[in-house]
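The residues making up each chain are set out below.
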Protein chains: 4
Amino acid sequence: MKKSLLGIFSAIVTPFDKDGQLDITALKTNFSRWQTTPLAGYLVLGSTGEVVHLDETEKIEVLTAARASISNDKTMIVGTGLHSTAATIAFTKLAAECGADYALVVSPHYFKSSMTALALSAYYQAVADTSPIPVLLYSVPQFTGISLAPDLIGKLSEHPNIVGIKDSSGDMKALTQTISLVKDSFMVLTGSAPILYPALSIGAQGAILAVANFVPELCSQIFQAVIDKNNAKARELQLKLLVLSEQIASRYGVGGIKYVMDLLGYKGGTVRSPLLMPDNNAQTAIKYLLQNTNI
Amino acid sequence: MKKSLLGIFSAIVTPFDKDGQLDITALKTNFSRWQTTPLAGYLVLGSTGEVVHLDETEKIEVLTAARASISNDKTMIVGTGLHSTAATIAFTKLAAECGADYALVVSPHYFKSSMTALALSAYYQAVADTSPIPVLLYSVPQFTGISLAPDLIGKLSEHPNIVGIKDSSGDMKALTQTISLVKDSFMVLTGSAPILYPALSIGAQGAILAVANFVPELCSQIFQAVIDKNNAKARELQLKLLVLSEQIASRYGVGGIKYVMDLLGYKGGTVRSPLLMPDNNAQTAIKYLLQNTNI
Amino acid sequence: MKKSLLGIFSAIVTPFDKDGQLDITALKTNFSRWQTTPLAGYLVLGSTGEVVHLDETEKIEVLTAARASISNDKTMIVGTGLHSTAATIAFTKLAAECGADYALVVSPHYFKSSMTALALSAYYQAVADTSPIPVLLYSVPQFTGISLAPDLIGKLSEHPNIVGIKDSSGDMKALTQTISLVKDSFMVLTGSAPILYPALSIGAQGAILAVANFVPELCSQIFQAVIDKNNAKARELQLKLLVLSEQIASRYGVGGIKYVMDLLGYKGGTVRSPLLMPDNNAQTAIKYLLQNTNI
Amino acid sequence: MKKSLLGIFSAIVTPFDKDGQLDITALKTNFSRWQTTPLAGYLVLGSTGEVVHLDETEKIEVLTAARASISNDKTMIVGTGLHSTAATIAFTKLAAECGADYALVVSPHYFKSSMTALALSAYYQAVADTSPIPVLLYSVPQFTGISLAPDLIGKLSEHPNIVGIKDSSGDMKALTQTISLVKDSFMVLTGSAPILYPALSIGAQGAILAVANFVPELCSQIFQAVIDKNNAKARELQLKLLVLSEQIASRYGVGGIKYVMDLLGYKGGTVRSPLLMPDNNAQTAIKYLLQNTNI
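I will try to describe carefully the structure that is included in this document. All figures in this text were calculated on a predicted structure; none of them were measured in a lab.

1. Considerations on the overall build of chain A
A tally of regular secondary structure across chain A gives 11 helices and 8 strands. Taking 2.2 N^0.38 as the reference for a compact globule, 295 residues should give roughly 19 Å; the C-alpha atoms of chain A span a radius of gyration of 18 Å, in line with that estimate. Dimensions of chain A, computed from C-alpha atoms along their principal axes, come out at roughly 50 × 45 × 40 Å. The buried share among the 295 residues of chain A stands at 64%. Sequence-distant contacts, at least 24 apart, represent 70% of the contacts inside chain A between residues at least 6 apart. On chain A, roughly 10,600 Å² of surface is accessible, and the fraction owed to carbon and sulfur atoms is 51%.

2. Looking at the relation of the copies chain D and chain C
Its rotation angle being 180 degrees, the transformation that places chain D on chain C also includes 0.0 Å of axial translation and leaves an RMSD of 0.0 Å. The two molecules are tied by a two-fold rotation axis, judged by turn and shift. Rotation axis and chain D: the residue whose C-alpha lies nearest the axis is P198 of chain D, separated from it by 2.4 Å.

3. Comments concerning the relation of the copies chain B and chain C
With an axial shift of 0.0 Å and an RMSD of 0.0 Å, the rotation relating chain B to chain C amounts to 180 degrees. The residues that chain B uses at the interface reappear at the interface of chain C in 97% of cases, marking a shared surface.

4. Looking at the interface of chain B and chain C
Listed as interface residues are 30 residues of chain B and, on the opposing side, 30 residues of chain C. Taken together, both faces of the contact between chain B and chain C bury some 2,600 Å²; the carbon and sulfur share is 68%. Where chain B meets chain C, there are 0 salt bridges. Counting only elements with at least two residues in the side of chain B that touches chain C, the list comes to α4 (117–130), α5 (141–144) and α10 (231–263) of chain B. Each residue belonging to the side of chain B that touches chain C can be placed in one class, and the counts come to 15 nonpolar, 13 polar and 2 charged.

5. Side note on the side chain of S220 of chain C
You can see S220 of chain C is positioned in helix α9 (residues 216–227). Beyond its immediate chain neighbours, meaning those up to four positions away, S220 of chain C contacts I8, P38 and L39 of chain C.

6. What about the packing of helix α3 (residues 85–97) of chain B against α4 of chain B?
Residue and element names in this part refer to chain B. Closest axis-to-axis distance for the α3/α4 pair is 10 Å, and the angle between their directions is 30 degrees. By the angle between their directions, the pair α3 and α4 is classed as roughly parallel. Viewed along their axes, α3 and α4 form a crossing whose handedness is right-handed. Contacts between α3 and α4 involve T85, T88, I89, T92 and K93 from the former and Y123, A126, V127 and T130 from the latter. In terms of residue class, the contact of α3 with α4 is made up of 4 nonpolar, 4 polar and 1 charged.

7. Examining the arrangement of the chains
In this structure chain A stays clear of chain C, and the shortest span between their C-alpha atoms is 17 Å. The smallest C-alpha distance separating chain B from chain D is 17 Å, and no contact links them.

8. Focus on the sheet that holds strand β4 (residues 102–106) of chain B
Residue and element names in this part refer to chain B. In space, the 8 strands of this closed barrel follow the order β1-β2-β3-β4-β5-β6-β7-β8, with parallel pairing throughout. If you compare each strand with its neighbour and ignore which way they point, the axes differ by 25 degrees on average. Alignment of strand β7 (residues 187–190) against strand β8 (residues 206–209), held across 2 bridges, turns out to be parallel. From the neighbouring strand, T190 faces β8, where its bridge partner is A207. Along the sheet, α4 makes contact with β4, β5 (135–139) and β6 (162–167), crossing β4 at roughly 160 degrees.

9. A short note on the sheet that holds strand β8 (residues 206–209) of chain C
Residues and elements named next belong to chain C. Taken together, the 8 strands give a closed barrel; going around it, the order is β1-β2-β3-β4-β5-β6-β7-β8, and neighbouring strands pair in parallel fashion. Taken pair by pair, the neighbouring strands of this sheet meet at an average axis angle of 25 degrees, ignoring direction. Both strand β1 (residues 7–11) and strand β2 (residues 41–44) contribute to a ladder of 3 bridges, which runs parallel. Bridge pairing in β2 links A11 to L43.

10. Digging into the packing of aromatic side chains
Inspection of the entire model under this criterion finds 32 aromatic pairs over all chains. Aromatic pair F31 of chain B and W34 of chain B: ring centres 5.4 Å apart, planes at 90 degrees, arrangement edge-to-face. With F31 of chain B and W34 of chain B both in helix α1 (residues 24–34) and 3 residues apart, this pair spans about one turn of that helix. Across the pair, exposure class does not vary: F31 of chain B and W34 of chain B are buried alike. Within the aromatic cluster, the residues linked to one another by ring pairs are F31, W34, Y42 and Y266 of chain A. Sitting above the plane of the F91 of chain B ring, K59 of chain B keeps its charged end 4.8 Å from the centroid. Positioned above the aromatic ring of Y266 of chain C is the side chain of R33 of chain C, whose terminal nitrogen or guanidinium carbon lies 3.9 Å from the ring centre.

11. Structural notes on helix α11 (residues 280–291) of chain B
The periodicity of an α-helix, 3.6 residues per turn, causes residues three or four places apart in sequence to face the same way. Residue and element names in this part refer to chain B. An ideal rise of 1.5 Å per residue puts 16 Å on 12 residues; α11 measures up with 17 Å between its terminal C-alpha atoms. Looking at α11, one finds that the buried residues are A282, I286, L289 and L290. Projected onto a plane normal to the axis of α11, the buried residues spread over an arc of 95 degrees and lie on a single side. For α11, the exposed residues set more than 90 degrees away from the buried face come down to N280, N281, T284, Y288 and Q291. Along its buried surface, α11 packs onto α10.

12. What about the environment of G154 of chain B?
Residue and element names in this part refer to chain B. When you line up the elements, G154 lands in helix α6 (residues 150–156). Here G154 falls in the buried class, since its relative accessible area comes to 8%. Considering only alpha carbons, one finds G154 and K183, 29 residues apart in sequence, at a separation of 7.2 Å. Residues contacting G154, with those up to four places away along its chain left out, are L181 and V182.

Scoring rules and cut-offs
Residues numbered from 1 in each chain as written. Chains lettered and ligands numbered in written order. Predicted model: local features only at pLDDT ≥ 70, side-chain atom pairs only at ≥ 80, totals over all residues. Heavy atoms only, no water. Helix = DSSP H or I, 4+ residues; strand = E, 2+ residues; numbered from the N terminus. Rg over C-alpha atoms; globule rule 2.2 N^0.38 Å. Buried < 20%, exposed > 50% of the residue type's maximum accessible area, 1.4 Å probe, protein only. Contact = heavy atoms within 4.5 Å. Areas by Shrake-Rupley, 256 points an atom, 1.4 Å probe, with all protein chains shown as cover. Least-squares fit on C-alpha atoms with pLDDT ≥ 70 in both. Buried area = accessible area lost by both parts, 1.4 Å probe. Salt bridge = Lys/Arg side-chain N within 4 Å of Asp/Glu carboxyl O. Nonpolar A, V, L, I, M, F, W, Y, C, P; charged D, E, K, R; others polar. Axes fitted to C-alpha atoms, helices over the stretch in contact; angles between N-to-C directions. Parallel < 35°, antiparallel > 145°, perpendicular 65-115°, else oblique. Left-handed = near helix turned anticlockwise from the far one by under 90°. Pairing = 2+ DSSP bridges. Phe/Tyr/Trp six-rings, centres within 6.5 Å; stacked < 30°, edge-to-face > 60°. Lys NZ or Arg CZ within 6 Å of the ring centre and 35° of its normal. Expected span 1.5 Å × (residues − 1). Arc of directions from axis to C-beta.

Purely geometric numbers; function is a separate question.
Following this line, the structure appears as structure tokens:
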């Protein structure tokens, strides 16, 4: 049975201990709490999961632990994109063997000026043709410098094994164009917490969010408010979410998210270098923010 | 009595005849039709009005004709920003004498790197201190290269004579931040048709739109649907508006808007050089679009 | 006789007194000193001259004073570009009547996305066709958001009345492309002090520089060193010029230039709002820089 | 003995056969010809070498073959930067064991907004502290979205094991600032063929260039002309190099370079997907260009 892509997904962090070693126990602890929330599922090995800082052995460890921790009614999306088409295909197959429900494939991006619509289209078709599991496109220009254009997304949505997109651009106009150009069954998920409510208003079916690591309930309440047509509540919660997203995730990155998780009883742990944890001033600012925000 | 800033405003074009001369008769004809629509009012001498292509005598002619054409229940906003503070102040006073209800003041922008928060703040305070009519900020980075930052807008909203903003950036996150930072009575209007419904969802009170020159009803229906909490209708109409906005206003600029106006029974007339009217291919594309869009 | 475009030109400031009024006496004082330097000529009413802050009467006052102050062996270039083609043509004629040797015509830029190669080409041809004096193109993306593309410049260089360009982009690659694409008699001048020596190395014939307001000798020495093939000296002087350009002109804009002029015995005066003069900290930094630079 | 960083270095391609397999024979054939040119050395496993498309086993194969092919009087620089600090350190040690003379370490870049001066500084110091061979910084914003700022480079140049930089930004002003801020023994190499001559004029000691794969002689002639103070010749050759660089390397990327290599008797082979080889139209354009360029 095809797992649902409706609702809020957490782009989960990968906890490391003080020595920078993978902390699977911490990961499992987080899952045991997330599983009690209304989250629809998880993105494992995404950008926030510092997938670029993991070697293949570590990735498999994470996937195995995640699969064991995620109940059958929740969806496990796995980030599988690598630089070359061949490497992406190979790792997508491996992720499928590890029990991934969907593969989230970031746009290739090192050779930016060569990533024409033709090159991107050939890439995604090759991956989708060979993937044992359905593929989600992933457009995240803040990390890659590449935005997948709405008309390209529209064309790729025709492929039977490309079933959705995570669009983290935060570009409301492009998101709306995408929604108007893809086929009906194609799932459009935003990856941008600051526009969650507007994105859902205009027709996005869900969201994959880094902030859902530490405020899964708040994110889910916004999703529910939209379903309930409670616009006033959705608006009010969105303004709160915006502040948390900007002041923590945007300002301090993965280190900020992990620090907040520790404050809120999750197991964030540390980031791997070159990322940095928040310094003392940043920690004070974050604590002050939390004290003054009813979450 | 203070005129309303709720609802949809048209950023009206300034019609020119074939020789590039101001065509006041055409302008009045347009007003006679716009006045029958649910538009809340008009922006006269805005960007779409090619204010940069008019000399002062022509501006007064346009203002005089507009004032005579606009009924008392509709609002007349006038674009009054010029490069120097002194020139802006002088023209704002003149616009007030011509009957403007509000002055819309574009951010100064020629010396971009000098337009710090301090410089912009001093500018807007000087204008607001001396303006006989309430001032609206105007952030339009696609023309100016300058985005007014949400926290600057928040601070300026404290000024008793700065009563709102037209934000044409299309940046949904920044718009939401602005809404969360301004004082309650401050009116936030979007200038971006592609995000009209999302902007209203998150709390914008209205919009000043170039596309309202030729589809004032469609824009107004979206506004009404939001008031009626008819989300499905708002979404459907927004997708239609997006296409018209992108394929006409964004792609062909003021010339495209004027050409469509002529097709739809308004008096668009021509643009002044260096702007160009749509060429034959563009005209064909626009006609095809209109034939295939139910407006 | 055609005036020379070889060498260093100063993009002169327009002095204002403490009340912001035009200070023609100060302007004449500056000319009396500049005339003793090796400067090849002057750009009057350019960006640094705050032309956007002057009304037409003031512009004529400045031009008249400049013409009276500039000896016959030096060249007077005048900035004549305005938003509409018609306004630019009219003012170019007026500048010619006031004795301008060349018209420097900034690219139109308010409607950025409409400024296609076609629109820009038609604009410059219309201006050049009607101008009584030779026309120089002006590409200054830091103020306009528009870069004139090398191939467009190449095509426009074929027009008999378009005789050169001031390229202030600082983009060395584009400058080199321009040099390779224009006809032989077309004069390429850089407007970017940080790349003066490299630009001259690759074939630019001269430069129009804001820093030449206060270090005309230094700029001229670099020009001379290139002629003398004294590469080591050119390099050494360029490193000095870079610091002055970055720490004064780039960091503090026109206000910084005017402040330094006053320190060095010129008459800078004040800027017009919304520009600001350097604050106390900036003044201290500028004084410290001057004390530690042998100019 | 420390190998020289003066002169022109080729950022060599990694040849693949028709099936996308590593073609070590082709690589050795290229070296046998490059070794007869005035090239000062080679960058192995750089961006142009598609290092992101190679796994570790393949990287070692390439390094081993390169080391065996490069004579003792030429320098072997190896690209060793990976996403995490730990991975970069490990691979830098491996490269040193394989005989690398210098490690070229690209700036970390996936988490762009987190790559503050502090994070970058800590990263490079950690790598330099542990590297058995001297480290070169690598700033290549067209691929990474990250520019190393001149003042950061200046500070890092104090580290005894950070001995130079490859700056591929093409930003002449930043390059000049860098030259003025680094300690005297620090080597500044440009990675931008379009500004080779200007960069050498202002004091760069050499260049690491993708175009040196197929026109090593032309690049070396420009270097020699600068040493000979033959400015006219340097300028003339630079204009030729600009066209080749723009019309082949910039327009068609690694695929274009490999295609031209095959035309000129080198062994370019194919690129790995998602990169594409030039299509038929591009091939025709490239052949036409070569026929009309005397190289």
